[in-house]
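Read off the chains here:
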Amino acid sequence: MKIKHTLAPVGGGLAAAALLGASLAGSAQATANPHWKSSESVSAANAKAIAQFWFDNNGAALEAATYVEEDTTKVDKLKSTGTATADTKAGSVAPTGTTTSTSKSKNVNLPKTIGKVFFVDQDGEKHWCSASSIQGKYANLVATAGHCVYDTANDEQLMDNWVFVPGYYQGKAPWGIYVGKQAFVHYDYSVYEDYDRDYAFVSVYNGVTISKGTDSKRHHGSIEVEDAGRLGDNVGGQGIAWNQPLKKAHYVFGYPQAAHPDGNKPFTGVTPKWCYGTTTAKTVGSAAKKIEEHVGLKCSMTVGADGGPWLLKYNSSKRVGYLNGVTSSFYDQDENDRVDYISSPYFDGETYSVYTAAAAVWSGKLV
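Residues numbered from 1 in each chain as written. Predicted model: local features only at pLDDT ≥ 70, side-chain atom pairs only at ≥ 80, totals over all residues. Heavy atoms only, no water.

### Some remarks on the packing of aromatic side chains
Where two aromatic rings form a pair, the distance of their centres and the angle of their planes describe that pair.
Point 1. Taken as a whole and judged by the stated rule, the model has 17 aromatic pairs.
Point 2. Residues W242 and Y352 carry aromatic rings whose centres are separated by 3.9 Å and whose planes lie at 15° to one another, so their mutual orientation is stacked. Of this pair, W242 sits in strand β17 (residues 239-242) while Y352 sits in helix α4 (residues 349-359); the two residues are 110 residues apart in sequence, bridging distant segments of the chain.
Point 3. What makes W242 buried here is its relative accessible area of 9%.
Point 4. An aromatic cluster is present here, built from Y199, F201, W242, F347, Y352 and Y355 joined pairwise through their rings. (Phe/Tyr/Trp six-rings, centres within 6.5 Å; stacked < 30°, edge-to-face > 60°. Helix = DSSP H or I, 4+ residues; strand = E, 2+ residues; numbered from the N terminus. Buried < 20%, exposed > 50% of the residue type's maximum accessible area, 1.4 Å probe, protein only.)

### Observations regarding the sheet that holds strand β19 (residues 273-278)
Point 1. The mixed open sheet is built from 6 strands, whose spatial order is β6-β17-β23-β22-β18-β19. In this open sheet, the two edge strands, each paired with only one partner strand, are β6 (91-93) and β19. For this sheet the average axis-to-axis angle between neighbouring strands, irrespective of direction, equals 30°.
Point 2. As paired elements, strand β18 (residues 249-254) and β19 share 6 bridges and run antiparallel to each other. Its bridge partner lying in β19, G254 is registered against K273. (Pairing = 2+ DSSP bridges. Axes fitted to C-alpha atoms, helices over the stretch in contact; angles between N-to-C directions.)

### A look at the sheet that holds strand β25 (residues 341-345)
Point 1. Pairing is antiparallel across the open sheet formed by 5 strands, whose spatial order is β5-β20-β21-β25-β24. Each end of this open sheet is capped by a strand with a single partner; those strands are β5 (79-82) and β24 (329-331). Averaged over neighbouring strand pairs, the angle between their axes works out to 50° when direction is ignored.
Point 2. Judged from the 5 bridges that link them, strand β21 (residues 291-298) and β25 form a sheet pairing that is antiparallel. Across the sheet, residue H294 finds its bridge partner in β25, namely P345.

### Considerations on the state of the cysteines
Point 1. Enumeration over the complete set of coordinates arrives at 2 disulfides.
Point 2. Each disulfide pairs two cysteine sulfurs, and for C275 the partner residue is C299, the sulfurs being separated by 2.0 Å. Judged by the torsion about the S-S bond (65°), the C275/C299 disulfide is right-handed. Of this pair, C275 sits in strand β19 while C299 sits in the loop between β21 and β22 (309-315), and the two are 24 residues apart along the sequence.
Point 3. Among the residues examined, C275 registers a relative accessible area of 10% and is labelled buried. (Disulfide = S-S within 2.5 Å.)

### Considerations on helix α1 (residues 44-64)
Point 1. The terminal C-alpha atoms of α1, which comprises 21 residues, lie only 25 Å apart, well short of the 30 Å expected from a rise of 1.5 Å per residue.
Point 2. Helix geometry: α1 is bent most strongly at N58, by close to 115°.
Point 3. Taken together, the buried positions of α1 are occupied by A47, I50, A51, Q52, W54, F55, D56, G59, A61 and L62.
Point 4. Residues of α1 that are buried in the fold lie against β7 (114-120), β8 (126-134), β12 (163-166), β13 (178-186), β15 (207-210) and β16 (225-229). (Expected span 1.5 Å × (residues − 1). Bend = angle between axes of the 7 residues up to and from the residue. Contact = heavy atoms within 4.5 Å.)

### Describing the pattern of salt bridges
Point 1. Summed over the entire model, instances satisfying the criterion amount to 5 salt bridges.
Point 2. Across the pair R197 and E350 runs a salt bridge, and its minimum N-O distance is 3.3 Å. On the criterion of sequence distance, the pair formed by R197 in the loop between α2 (187-192) and β14 (200-204) and E350 in helix α4 is long-range, its members being 153 residues apart.
Point 3. Judged by relative accessible area, which is 1%, R197 ranks as buried.
Point 4. Overall, E350 belongs to the buried group, its relative accessible area being 7%.
Point 5. With its nearest N and O atoms 2.8 Å apart, the salt bridge here joins D233 to R230.
Point 6. When its relative accessible area of 51% is taken as the criterion, D233 is described as exposed. (Salt bridge = Lys/Arg side-chain N within 4 Å of Asp/Glu carboxyl O.)

Here is the structure:
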């Protein structure tokens, strides 16, 4: 079993004004942390400019973004490691914003909560990951993979121009753009590059949409925006669960786009896809990323789906369930150069601690 540490908010432009630590019981309290400097959260004025950056030229920046590209030509193989390490009692927080469907279609109804997070890296490149709105105290919380918030290879936070766009489709933001205010990752991930903690929770400002009558092709900085309300009020929020037993059925959602290692490219990244299956009976590991305590699930989604939610007890008619993982890594178990398994960190009491710290952050309106 790995030695577990405390949590820390991500540094940089959207870091907390005061660094946070958390006990396994989930209560967050201020503490000094030698690994990160504190900074003010992004101002409402700067957040508005960030939203305009992505809105400019009919969402050209959104369409220009590419998935976070790790090495997609080689995928590792999962190895069984042992049973899940439940550090506290199992628990859950219920979802909100249920949407009842009267349709009797046998198709799976996609949750309104899913979308893409967009950001700009240190080289000025625009990227995206999959993500989901989840329940929080202020209806303003997004869950995604840690590597969609923090780049361990270059030791840098990825929060510059970070936004969440639920229901994203071809440059369109049907429920508005939600600018990130403060991101939280686990201390082990940001400091030790521990992919067993590859998850992140980000508080976001109220969404903004382009004001009616505004020409979206006008020069950057001139677009008028209006308040779209809180994220959770618009699309709902998935619940969250931790210290759950393995061998449980999950729906996994995401926007896969990368080709399989053999070059076959069945996904476009334009529309969300889903997988359904039962998680592995034991936790799994990967030598390539020093993963020791992930949960595996059979699924052919490729890179681009990373950060997407793993939903336990998903109700297709209400379109909500309990977040019990996020897609972190991709594997080829059959050794035929095709992705056939994905994995997520195991959500335990420390995950809940990171979540509670993020869920307590109030954001507010931009306009």
